[in-house]
Amino acid sequence: MTVTLPGLPGDDEQYLEWGNDAVRLAVAHGPGTAPRLVALWHTGEPHPDLPGLRRSALPVLEVAVLGEGRSGTSGKRHVDGAAAQRLRLTGHRESRAGEVARLELDVAEDGTGLRATVVYEAADGVPVVRSWARITADRPASLDHATTGALGGLGHGAAWEDDLVLWEAANPWSGEFRWRRATLAERGLIDVGMVRHGQVGSKNRVTLTSTGAWSTSEHLAQGIVEDTRTGRMVAWQAETNGGWHAELGDRYDDVYLLVTGPTAAEHQWAGKVGPDADADATRDAAFDTVPVGLAVVPGAPGGREETLAALAAALTTHRRRTRREHPDHERLPVIYNDFLNGLMSDPTTERVLPLVEAAADLGAEYYVIDAGWYDDESGGWWDSVGAWEPSTNRFPGGGLAAVIDRIRELGMKPGLWLEPEVVGVRSPVARELPPEAFFRRGGERVAEWGRYQLDLRHPAARAHLDGVVDRLVGEFGLAYLKLDHNVDIGPGTDAGGAEPAGNGLLEHGRAVLAWVGAVMDRHPGVVVEGCAAGGSRTDAAGGAVFPVQSLTDQQDFRLVPPIAAAAPLVIPPEQAGVWASVDGAMPPEEIAFSLVTAMLSRVHLAGRIDTLDAVQRAAVREALEVHRGLRAAMARSVPVWPLGLPGWRDPWVALGARDDADLYLAVWRRSDDDGGWAGPDSVRLRLPGLVATGDAEVLYPTWAGASAVVVDGGAALEVKLPAPLSARLLRLRVADRPE
């Protein structure tokens, strides 16, 4: 509920406090001031000093209008928008839907006549606030930036250049989720002392920005600000599958965080609001800002790993709450995909059928023919895609249908790979669809690596793809579609000069997710996997729609553990597709190593499984049988990292998945070909915030050579593995550590 608190004596400002049993926020407002988000805090923390935080607080809607810009600051920052400072609170409403509380703030201003409803949502027991706004105006206006994701006060009372640490994650292709920590000073934001001379601050900022259709191709669309004095962590995520921007800056001896969708400066974007004379003068054009999620947890007694586990649990619960429901979230079926280290986009009937037989023998539940199943013409397939007609050359005789019938006869469900958003420059579809159905800039159709990009806002583009999907699902009885996207098309589309390119990209991205949702509505039995050159679109917006997400294209099984182990900070394990690539050249310990990597998430079996001998096949079957027994637990679990988030070349990597009193631990001992990463044969794993209540059990593989012993009175586990390249999956009964 809201609590209205008085401001300072003689002040016309008041505080509106709102939240639930886990998280609260306070908004300062009054007739002479813009409503400002003064504080966001966990209920386990002391009540903040609201008057002391007022000066650095930012408006609940940070917005700037073209022609006005900012007031009170200069440079490249996206705060102090002149329009935002003129906003006033005109009303507020509270509501509840089940366990989710909602606060709506109505704000308006004179001048451009901006009007908006700012929305905050929080679920009971979850210290995460999700916010967005719908903006319109009394006259046409163009926005330079607009977001509800602005929070000040992060460095209040701190020597913030050294006391605050930013966690960010590079997300390179095939090496995803590379987290690093650095102080603000190390990132170039320092206290220059200008506030003492009446100035706002340094004008600098620490930034992360993503442009183009790959929302996470360089950085994850999330981060963490850690206060090393208290251990407190504030996490953010931009919930979009397109362009986004985040910045940290100093302001009045404090630090603010701003997270937003596309902006004019970074993304060639302009939000159009107000009366739309070109459409319907009686209807105001409105813009919905990109939602931003903010999570906050206090420092835990057990230190950073325990705090990180609490933060990850909050984010995981939030993502489960905000996603589209799908039965696949609970089933977690085993998928064999013939791409990685298998057929590598070169399937034929002769090559596929032995893999189909082997996949069924091992216990796979889905078989996905990944790429190359369509006509590939004499000049190659990359720049000829678009019609998505099965190849007759690759599948003679009974055609692709006969292969899919065999998949079904052996008790598996069939799936195909598809790249719906692109059309090859040599494809007949490129000539059949109207120019308006494609991305365009400056009057030219945009091409990248031999492909044109469809604009899914256009009815002809959607009709084409609907026809493709409905035909394939209907003709072949498909139960799985892997939707990939392998080109980043740049800033977007100007739709023939009708809009800025960034507007086209944002709305196309939203249209893609709406289209995917509509496909699943029409075909409720079909599982749809999201993929973009591995993990280049591992964002919260896609995670809210796709029931399963591809994480990487990494082909070396030795390099996948740091990817798989870091992934649960980004996506729930039941949605994370992790490759487990095996073949007949791998000894049993390597087979187990690759399979353990996927067993706390979604198993995407891969590789030349038709070359496995009887002993190797038995090792795979055992792993899949164990995994089937864990699936319900994984769909409920929250992650822990006994060794912290993994480095790329760490000799030991560990990931835990806690399901109430059970802690499942995947532990990898790693080495490269010449033993260059090899470390000691044992490692001590701290149990963040937990205490063991029984002995550790080795779930897989169960052959001899490994040990796991509870030590330190139940606070840690001593694990010994037999070879420089080996892994084990463990189970341990645990309880919360007494404070």
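The structure presented is a predicted model; accordingly, all values stated were derived computationally and were not measured.

What counts and how
Residues numbered from 1 in each chain as written. Predicted model: local features only at pLDDT ≥ 70, side-chain atom pairs only at ≥ 80, totals over all residues. Heavy atoms only, no water. Helix = DSSP H or I, 4+ residues; strand = E, 2+ residues; numbered from the N terminus. Rg over C-alpha atoms; globule rule 2.2 N^0.38 Å. Contact = heavy atoms within 4.5 Å. Areas by Shrake-Rupley, 256 points an atom, 1.4 Å probe, with all protein chains shown as cover. Pairing = 2+ DSSP bridges. Axes fitted to C-alpha atoms, helices over the stretch in contact; angles between N-to-C directions. Buried < 20%, exposed > 50% of the residue type's maximum accessible area, 1.4 Å probe, protein only. Salt bridge = Lys/Arg side-chain N within 4 Å of Asp/Glu carboxyl O.

A. Layout of the overall build of the protein chain. Along its length, the protein chain carries 16 helices and 45 strands. A compact globule built from 739 residues should have a C-alpha radius of gyration of about 27 Å, and the protein chain, at 27 Å, falls within 12% of that. Projecting the C-alpha coordinates of the protein chain onto the three principal axes gives extents of approximately 85 × 70 × 45 Å. Expressed as a percentage of contacts within the protein chain between residues at least 6 apart in sequence, the contacts between residues at least 24 apart total 68%. Carbon and sulfur atoms form 50% of the exposed surface of the protein chain, whose accessible area is close to 25400 Å².

B. View of the sheet that holds strand 43 (residues 707–711). The three strands are arranged 40-44-43 in an open sheet whose pairing can be described as antiparallel. Both edges of this open sheet fall to strand 40 (682–686) and strand 43, since each of them pairs with a single strand only. Direction aside, the axes of adjacent strands within the sheet are offset by 20° on average. As paired elements, strand 40 and strand 44 (residues 716–720) share five bridges and run antiparallel to each other. Across the sheet, residue Arg684 finds its bridge partner in strand 44, namely Glu718.

C. Representation of the pairing of strand 18 (residues 244–250) within the structure. Of all seven residues making up strand 18, seven are buried, and the element is well covered by its neighbours. Where strand 15 (residues 206–210) lies against strand 18, five bridges are found, and the strand directions are antiparallel. Along strand 18, the bridge assignment pairs Thr207 with Glu247. With six bridges connecting them, strand 18 and strand 19 (residues 255–260) associate as antiparallel partners. What sits directly across from Ala246, in strand 19, is Val259. Hairpin geometry of strand 18 and strand 19 is characterised by an intervening segment of four residues between the two adjacent antiparallel strands and by a positive phi of about 55° at Tyr252.

D. Main features of the pattern of salt bridges. Under the defined criterion, the tally for this structure stands at 58 salt bridges. Between Arg331 and Asp328 there is a salt bridge, with its nearest N and O atoms 3.7 Å apart. Of this pair, Arg331 and Asp328 both sit in helix 6 (residues 328–331), three residues apart, which is roughly one turn of the helix. The exposure class assigned to Arg331 is partly exposed, which follows from its relative accessible area of 35%. Of the charged contacts, one joins Glu507 and Arg510 as a salt bridge, the two residues approaching to 3.4 Å between their closest N and O atoms.

E. The arrangement of the sheet that holds strand 30 (residues 447–448) in detail. Read across the open sheet, the three strands follow the order 27-31-30; overall the sheet is antiparallel. Either end of the sheet is taken by a strand with one partner, and the two such strands are strand 27 (422–424) and strand 30. Two elements, strand 30 and strand 31 (residues 451–453), share two bridges in a ladder whose sense is antiparallel. In the sheet register, Ala447 faces strand 31, and the bridge partner there is Tyr452.

F. Unusual backbone geometry, seen in detail. At the junction of Tyr700 and Pro701, the peptide bond is cis and its omega measures out at -15° in the coordinates. Relative to the assigned elements, Pro701 resides in the loop between strand 42 (697–700) and strand 43. Unusually for a residue other than glycine, Met344 sits at a positive phi of about 45°. Note on placement: Met344 falls in the loop between helix 7 (339–343) and helix 8 (349–362). A positive phi angle, close to 45°, is found at Ala533, a residue other than glycine. Counting through the fold element by element, Ala533 comes out in the loop between strand 33 (527–530) and helix 13 (540–543).

Purely geometric numbers; function is a separate question.
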